[in-house]
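Working through the structure, step by step
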Amino acid sequence: MFSTRDRFREIVAAAPSGAARKKHPGKAVMAGGFAGGLEILCTFPTEYVKTQLQLDSKAVNPRYTGIGDCISKTFKSHGFFGFYRGLSSLLYGSIPKASVRFMGYEALRNRLVDKDGKLTQVRTVLCGLGAGITEAIVIVCPMETVKVKFIHDQNQPNPKYRGFFHGVREIVRQEGIRGTYQGLTATILKQGSNQAIRFFVFNNLKGYFQGGDNTKEIGVARTFLCGGIAGAASVFGNTPLDVVKTRMQGLDRHLYRNTLHCAQEVLKHDGIKGFYKGTVPRLGRVVFDVAFVFTIYEQTMKVLDMVWKTD
């Protein structure tokens, strides 16, 4: 009789990935956008705290002693909605980001699956990597640059951005379109590795619960569990890249010559632990984020399959 470990190895080797039939990219756009919009409304406060801690870590006189202190001071100074400052920049980008990600993944997957609708391990990673790189270039880099600058600006004694659109106009006016693409290399590395890890872990765990039958439904709870574990794996795998990306997109971007120089400065001044600033709040956000998005995406795709016949 095979042990659970033996069964998992057997299923991983087969690498089933989703239903045997191909998924329409148009449905992926709709389902991904819907899931992305709902997700950011639920998780932005932890993203705000994470960004604050990462930016504060390099200040001459840090304002916060830790996560609890950051939460306390933000609430005291700005109330509950203080945790949603900068939301507009992320909300405007989250819907197209998730749409592009899942569309990119499904488009690549449709090209790479075999006749049984399965992906090899390498192809699963490549699909996730391609989806991450696509969203990084098209959506994430400009969106994240504006978000980080907006949050950073709002914590200055005299904020210069009156809102999201005013902030975008000022950034473009002063720095050109290139000003919204700061930290592009770090963003590509981060998003590419993010999605490669997430889709790889999610699909293998899903395959484990399917027991080798890639047409079998695993249910909402198990989908949520697979997504949460995939999210946690991506946090521990690429938080250093997230730290470098955040610094490269902040108002102090001029202090770094390039991505490598930024990483060297983090190591020089903060040591290895400097690359893991904001890990706890990021872990809390990402685990729920990825679990939520994968679950809503899968359920929305089922509804779309019923009302929109594309086969």
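Residues numbered from 1 in each chain as written. Predicted model: local features only at pLDDT ≥ 70, side-chain atom pairs only at ≥ 80, totals over all residues. Heavy atoms only, no water.

Let's shift gears to the packing of helix α7 (residues 184–210) against helix α8 (residues 220–249). Remark: α7 packs on α8, axes separated minimally by 8 Å, with the N-to-C direction vectors making an angle of 170°. Judged by the inter-axis angle, α7 sits roughly antiparallel to α8. Looking at the contact of α7 with α8 residue by residue, the class counts come to 14 nonpolar, nine polar and six charged. (Axes fitted to C-alpha atoms, helices over the stretch in contact; angles between N-to-C directions. Helix = DSSP H or I, 4+ residues; strand = E, 2+ residues; numbered from the N terminus. Parallel < 35°, antiparallel > 145°, perpendicular 65-115°, else oblique. Nonpolar A, V, L, I, M, F, W, Y, C, P; charged D, E, K, R; others polar.)

Within this structure, the stated rule accounts for four cavities of 30 Å³ or more. A volume near 240 Å³ is recorded for the largest cavity. Along the walls of the largest cavity sit 21 residues, with K97, R101, K190, R285 and D289 positioned nearest its centre. Among the secondary structure elements, those contributing two or more residues to the lining of the largest cavity are α2 (25–56), α4 (87–112), α5 (121–154), α7 and α10 (279–307). In terms of residue class, the lining of the largest cavity is made up of five nonpolar, five polar and 11 charged. (1 Å grid on protein atoms, 1.4 Å probe; cavity = no way out; pocket = protein on both sides within 12 Å on 5 of 7 lines; lining within 4 Å. Points joined across faces, edges and corners; volume = space filled by probe spheres on them.)

The next subject is the pattern of salt bridges. Scanning all chains against the criterion turns up 11 salt bridges. Note that K23 is salt-bridged to E298, the shortest N-O span being 3.8 Å. Placement of K23 in the loop between α1 (4–14) and α2 and of E298 in helix α10 is noted, with a sequence separation of 275 residues between them. Assigned by exposure class, K23 and E298 land together as buried. Residue R101 pairs with E135 through a salt bridge whose shortest N-O separation is 3.0 Å. With R101 in helix α4 and E135 in helix α5, this residue pair connects regions lying 34 residues apart in the sequence. R101 sits in the buried class, given a relative accessible area of 9%. Shared partners join several salt bridges into a network, and the residues in it are K23, K206 and E298. (Salt bridge = Lys/Arg side-chain N within 4 Å of Asp/Glu carboxyl O. Buried < 20%, exposed > 50% of the residue type's maximum accessible area, 1.4 Å probe, protein only.)

This part is about the packing of aromatic side chains. Going through the model one piece at a time under the given rule, you end up with 13 aromatic pairs. Ring centres 5.3 Å apart and planes at 75° place the aromatic pair F80 and F81 in the edge-to-face group. Owing to a relative accessible area of 47%, F80 belongs among the partly exposed residues under this scheme. What makes F81 exposed here is its relative accessible area of 64%. Look at F102 and F199: their rings are 5.9 Å apart centre to centre, the planes differ by 80°, and that puts the pair in the edge-to-face class. Here the residue F102 occupies a position in helix α4, and F199 occupies one in helix α7, the gap between them amounting to 97 residues. Across the pair, F199 and F102 agree in class, each one buried. Grouping aromatic residues by their ring pairs yields a cluster made of F102, Y105, F199, F202, F294 and Y297. (Phe/Tyr/Trp six-rings, centres within 6.5 Å; stacked < 30°, edge-to-face > 60°.)

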